[in-house]
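# Remarks on the overall topology
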There are 2 protein chains.
Amino acid sequence: MNISDTLSGATRVIGIIGDPIAQVKSPSGVTQRLIDRGCNAVVVPLHVASADLATVVAALGRTKNFDGLIITVPHKLDAYALCATTTERAHFLGGVNVLRRRPDGRWHGDHADGLGFIEAQRSAGCELEGRRVLLAGAGGAGSAIAQAALEAGASLLAIHDGDLPKRDGLIRRLAQRHGERVQAGSADPRGFDVVFNATPAGMRAGDALPVMAEHLDGAMFVGDVITMPAVTPLLEIARSKGCRTQVGAGMFAAVCERMVDFLLETGPLTEARLPTAAPTAR
Amino acid sequence: MNISDTLSGATRVIGIIGDPIAQVKSPSGVTQRLIDRGCNAVVVPLHVASADLATVVAALGRTKNFDGLIITVPHKLDAYALCATTTERAHFLGGVNVLRRRPDGRWHGDHADGLGFIEAQRSAGCELEGRRVLLAGAGGAGSAIAQAALEAGASLLAIHDGDLPKRDGLIRRLAQRHGERVQAGSADPRGFDVVFNATPAGMRAGDALPVMAEHLDGAMFVGDVITMPAVTPLLEIARSKGCRTQVGAGMFAAVCERMVDFLLETGPLTEARLPTAAPTAR
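Cut-offs applied
- Residues numbered from 1 in each chain as written.
- Chains lettered and ligands numbered in written order.
- Predicted model: local features only at pLDDT ≥ 70, side-chain atom pairs only at ≥ 80, totals over all residues.
- Heavy atoms only, no water.
- UniProt positions renumbered as here; feature names shortened; annotations may be inferred.
- Salt bridge = Lys/Arg side-chain N within 4 Å of Asp/Glu carboxyl O.
- Buried < 20%, exposed > 50% of the residue type's maximum accessible area, 1.4 Å probe, protein only.
- Helix = DSSP H or I, 4+ residues; strand = E, 2+ residues; numbered from the N terminus.
- Least-squares fit on C-alpha atoms with pLDDT ≥ 70 in both.
- Contact = heavy atoms within 4.5 Å.
- Buried area = accessible area lost by both parts, 1.4 Å probe.
- Polar contact = N/O pair within 3.5 Å; in protein donor to acceptor, adjacent residues only side chain to side chain.
- Nonpolar A, V, L, I, M, F, W, Y, C, P; charged D, E, K, R; others polar.

If you check an unreviewed UniProt entry, chain A appears there as Shikimate dehydrogenase from Sphaerotilus hippei. In its Pathway (unreviewed entry) section, the UniProt record describing chain A reads: "Metabolic intermediate biosynthesis; chorismate biosynthesis; chorismate from D-erythrose 4-phosphate and phosphoenolpyruvate: step 4/7."

Structure, rendered in C-alpha cells:
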C-alpha cells in the first residue's frame, strides 16, 4: 500500500520545514514508513523562511489534523524555541528536528540525529558499550552524536574539532553529565575502536580528510554522516584497510525511522489507522 | 504516474480546508488531475475551525511552496473576506472555493461551483444557450448555478425557493446584470426546458421533492447537485419519464477540473513540471 492508495480527507498531515526545501528527500520515505506502520498520513514539504517560521509553526498547531513537523536546515535551533516542551536530549542540544502536536495545539520536540546515527552504526555491527570513540566535528550533528554515543555507553569519547572554543564548549557541557568519559581529541585515530566523522569534510573533491586516515587499522569501525558522495574518501580508505563502515545514507534511514517512532509514540497519529493495514511488527 | 511516484521535496502543496474534513473526497482526485496535467503537486486535507481560519490562511500564504487552497464547508464566505483579490463571479457570490497564492503571499480567489455545474450538464448533452431553466434553491450552490446559467446564455432563469426573501434577494442582484432574464419561479416545471435542483431535498429518505416531478416530461433535461444518494428520487422519476439527466457526481468531477484550471492558470504551479510527464492535451 502506498500514498496513492491512502490519500483522502482522513489523511493526517506532517510537514517538513526548511529553506530551501526542494532538495529534501524525506517526504516519500517517511510517508511510506508511516503507511507501512498502518498510519494514514502524508509528509509534505513546506518552504518557510526564518522570518516566517514562528507564524507558520503556530498556525499549523491550530490545524487539527496537522500532527507533526520535521525540521531541517536552517530551522533546527529556531524551532527549539517554538516548542512548549521537548525531550531531554533536545533540550541539551538546544535544537529539534521533529515535532509532535500536543493536545493544546502547541508542540513537543525531539532531536533524532544522534539516536539515528548510533542506531545506523549498530545495524552495521558497531556496538558502543565499552568502546573508545573518536568523533570529528563538534557542530550540530557532532553534538547530537556525541550525546548519543555517551548515552549508548562509550567508555571514552574524544572530540576533535579545529574550532577549539566550540569543541571545548561541547565537552564542558557533556562533562557535566558524563564526567571523565568525554575528552578533547586530535585527528589521530590510534588507540580508538571507533571513528566517526560529523564534519562536512569529504563532501567536496579535494577536502582534507577529517582524521589521519593513514593511522586507521582494520579493527576499527568507521562511520560518516555525509550522504553525498555515498562513500566518502575517508570510508574508502577505511574499507581498503579492512574496517567495517557505515555510510551517511544509513544514518539518514535510521533518523527517518526514529522520527516515525517519535511521531507515533502518542497522540492523534497513533489513532489514524488505515482500515486494511496490517501494521509491521516492531 | 501517481503521487507515490512524484512526492518529493520539490512537490508543491495545496490544502483543502474545512471543518470537519475527514469526509472530503477531493485530495486524491485533484492530486491526480494535477499530476495528469504534468504538475508536481499534492492536495492535503487541513482541519481548521472558523476561529482559526484567518490565522492559518495568512500563514500558508507565507509558505513559499503552498500554492493553493480549496475551501469547503463552512468556510466559503469567510475565506472570501481573506482574499486580496477575486474573480468577478466570486465577488458577486461573496464566496470562494479555490484560492491561488499571489506573488505577494496574499490570495486570489474564485468560485468554481457554478461553472463546474454547468460544464457537467453540458457534458451530459445540455446546452443552456436559449433555454428556459427552472432552478430550485437560492442558497450557496443555487446562487453559483444561477449566475453561471445566465452567463451561459439561458433565455430565462426562474428561481424557486421556499425562503422568499432569500430568493428575491438573489433575483434582485442577478437582475442588475441580467435584467428580465431572471425571474421568480414556482415548483412547477411545466414550460421549462431544463430543471436543476440545488437544494438538499433528496439527501434523506422521505424528503419532499424539490419540484413537482409529476409535471416533468421527457423532453426536459434534469440536473441535481446531490452526490449522496448517487441518483436522487427526482432523477429517478426524471429518468423514468425519459428525461436526460446529470447526477451530482458529475458536478463534483467538473468542479474539481475547473479548480485545477484555476490553480494552473498562472503562477508557480504552472512551473512545477514533472520531469517526465507528458501533459494531457487540453
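Moving on, there is more to tell.
All names here are of chain B. Scanning the model with the defined rule gives 38 salt bridges over all chains in all. Here Arg122 and Glu127 are joined by a salt bridge, their closest N and O atoms 3.2 Å apart. By relative accessible area, Arg122 is classed as partly exposed at 34%. For Glu127, a relative accessible area of 42% gives the class partly exposed.

Time to look at unusual backbone geometry. Residue and element names in this part refer to chain B. A cis amide bond links Asp19 to the next residue, Pro20, at an omega of 0°. Mapped onto the secondary structure, Pro20 falls in the loop between strand S1 (12-18) and helix H2 (26-36). In this structure, the amide linkage connecting Met228 to the following residue, Pro229, adopts the cis form with an omega of 0°. Residue placement: Pro229 occurs in the loop between strand S11 (221-224) and helix H9 (233-240).

Aligned on chain A, chain B shows an RMSD of 0.0 Å; the corresponding rotation is 180° and the shift along the axis is 0.0 Å. This pairing of chains is accounted for by a two-fold axis. Using C-alpha coordinates, one finds that chain B approaches the rotation axis most closely at Ser4 of chain B, a distance of 2.7 Å. In this assembly the copies share their binding face: 100% of the residues contributing to the interface of chain B also contribute to that of chain A.

In this section: the interface of chain B and chain A. Between chain B and chain A, the contact holds 35 residues from the first and 35 residues from the second. Of the roughly 2700 Å² buried between chain B and chain A, counting both surfaces, carbon and sulfur atoms make up 65%. On inspection of chain B and its partner chain A, the count reaches two salt bridges. Its salt-bridge partner being Arg62 of chain B, residue Asp52 of chain A comes within 2.8 Å of it at the nearest N-O pair. Linking chain B with chain A are 14 residue pairs in polar contact (both at pLDDT 80 or more). Here the side of chain B that touches chain A takes six residues from strand S2 (residues 41-47) of chain B, the largest share from any one element. In terms of residue class, the side of chain B that touches chain A is built from 20 nonpolar, eleven polar and four charged.

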